[in-house]
Amino acid sequence: MSATPAAVIVAIDGPSGTGKSSTSRAVAAQLGLRYLDTGAQYRAITWWMLTNGIDVNDATEVAAASGKPSIVSGTDPRDPAIAADGADASGPIRTQEVTAAVSAVSAVPEVRARITGLQRAIAAGAGGGIVVEGRDIGTTVLPDADLKVFLTASAEARAARRSGELKAADGSAAGDLAATQQALAQRDKADSSRKASPLKKADDAVEVDTTELSLDQVIECVVTLIEKAAAEKAGRMEKAAQ
Ligand SMILES: Nc1ncnc2c1ncn2[C@@H]1O[C@H](COP(=O)(O)OP(=O)(O)O)[C@@H](O)[C@H]1O
Ligand SMILES: Nc1ccn([C@H]2C[C@H](O)[C@@H](COP(=O)(O)OP(=O)(O)O)O2)c(=O)n1
C-alpha cells in the first residue's frame, strides 16, 4: 500500500459501465482516501420517492419532495453505505425499477441542488482526501478538484460488463446484452442532454478509454495520476509556505 503525500480531491466521471465505482473504490482503498458514490445518492432519493408515492415523471412533484428525505452516505471505500430517511438503501437502489427512474429524478434542478450541497459538504469534511465519482463532479460539484478523470468505454464493452453483472446477480433476462445496451444508451442520452449539469467531460479532465484495459490496468493508471497530482499539490503547498 502506498500513501499519498498530500490530501487530494479527485473527481471521476463518465457514463455507466466505464468502471467508475470499481476503480474509485479500489484506488481510494489503496491510497487511504475516502470515497463517495454520488450515483448512489441519486438512486437513494429516487428509491425514497418511489416508495413514498411520488410520481417520478412529474418534475413539480419531485421538486416539492426533494428536500424531504435525509440522505446519508458512508465514505469508507471498503464498505460504502447509503441510507434514505434512516433506512439502509444499499440493496434497493440497485433494482431495475430505480435504474429506470433515476435519470428523470436526477434531471430535476431542485434534486441536483440538494444532492450537490451534500456532496460538497462531504468533500469539504474529508480532511485526508477523497475520490468522488459521478457524472458532473469535475464540471459542477468540485470544479477545483486536484485531479479530474473522465472514464469512457465502447457501448459494447459497457453493456457486456453491466449485463454480466446483472446475470451474476439474479440470472434473469435483465442480463440480456441487447436490452442492457439499449437501456444504457437511453440513460446516457437522458443524462447527457438534461439542462441541469449534464454528463460532460470537464475541459481539464484526463480521459481514459477503458475498453481494452483490465480493471487492474485502469486502477494502476488512476493511482499513478493521483500520486502525480498529490506530489504536485504538496510541492505547491511547500512553495507557498516558504
Ligand atoms: N476495465 C474493465 N474491464 C472489465 N470489466 C470491468 C472493467 N472496469 C469495470 N469492470 C466491471 O464492469 C462492471 C461495471 O463497473 P462499475 O465500476 O460499476 O462501472 P460504473 O461505476 O462506471 O457504472 C463491474 O462488474 C466491474 O467489475
Ligand atoms: N453525479 C451524478 C451521478 C449520478 N447521476 C444520475 C445519472 C445516473 O444515470 C444515475 C445513476 O448513477 P450511477 O453512477 O449509480 O449509475 P451506474 O451505476 O453507472 O449505472 O444517477 C447524476 O445525475 N449525477
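Residues numbered from 1 in each chain as written. Chains lettered and ligands numbered in written order. Predicted model: local features only at pLDDT ≥ 70, side-chain atom pairs only at ≥ 80, totals over all residues. Heavy atoms only, no water.

J.: An account of the site of ligand 2 is needed here, citing residue identities and associated values.
T.: In the region of ligand 2, 19 residues are neighbours, and Ser16, Arg43, Arg112, Arg187 and Asp191 sit closest. At 3.1 Å from a nitrogen atom of ligand 2 is found a main-chain nitrogen or oxygen belonging to Arg135. Between ligand 2 and the protein, one listed contact pairs an oxygen atom with a side-chain N or O atom of Arg187 at 2.7 Å. Burial of ligand 2 by the surrounding chains reaches 98%, relative to a free accessible area of 520 Å². Counting residues per element, the ones that place at least two in the shell around ligand 2 are helix H2 (38-51), helix H4 (96-106) and helix H8 (177-193). A class-by-class count of the residues in the shell around ligand 2 yields three nonpolar, six polar and ten charged. (Near = heavy atom within 4 Å. Polar contact = N/O pair within 3.5 Å; in protein donor to acceptor, adjacent residues only side chain to side chain. Areas by Shrake-Rupley, 256 points an atom, 1.4 Å probe, with all protein chains shown as cover. Helix = DSSP H or I, 4+ residues; strand = E, 2+ residues; numbered from the N terminus. Nonpolar A, V, L, I, M, F, W, Y, C, P; charged D, E, K, R; others polar.)

J.: Give a description of the confidence of the model for the chain that names residues and reports values.
T.: Looking at the chain, pLDDT values average 94 and 95% of them are 70 or higher. Our summary of model confidence lists the complex with pTM equal to 0.96 and ipTM equal to 0.98. (pLDDT = per-residue confidence, 0-100.)

J.: Describe in detail the pattern of salt bridges, supporting the description with residues and values.
T.: Considering all chains together, one arrives at nine salt bridges under this definition. Here Arg135 and Asp191 are joined by a salt bridge, their closest N and O atoms 3.8 Å apart. Here Arg135, found in the loop between strand S6 (130-134) and helix H6 (137-141), pairs with Asp191, found in helix H8; they are 56 residues apart in sequence, far enough to count as distant. We note that Arg135, like Asp191, is buried. Taking the shortest distance from any N to any O, the salt bridge between Lys233 and Asp146 comes out at 3.1 Å. Placement of Lys233 in helix H9 (residues 215-241) and of Asp146 in the loop between H6 and strand S7 (147-152) is noted, with a sequence separation of 87 residues between them. Classification of Asp146 by relative accessible area gives partly exposed; the value is 23%. Each of Arg135, Asp191 and Arg194 takes part in one network of salt bridges that share partners. (Salt bridge = Lys/Arg side-chain N within 4 Å of Asp/Glu carboxyl O. Buried < 20%, exposed > 50% of the residue type's maximum accessible area, 1.4 Å probe, protein only.)

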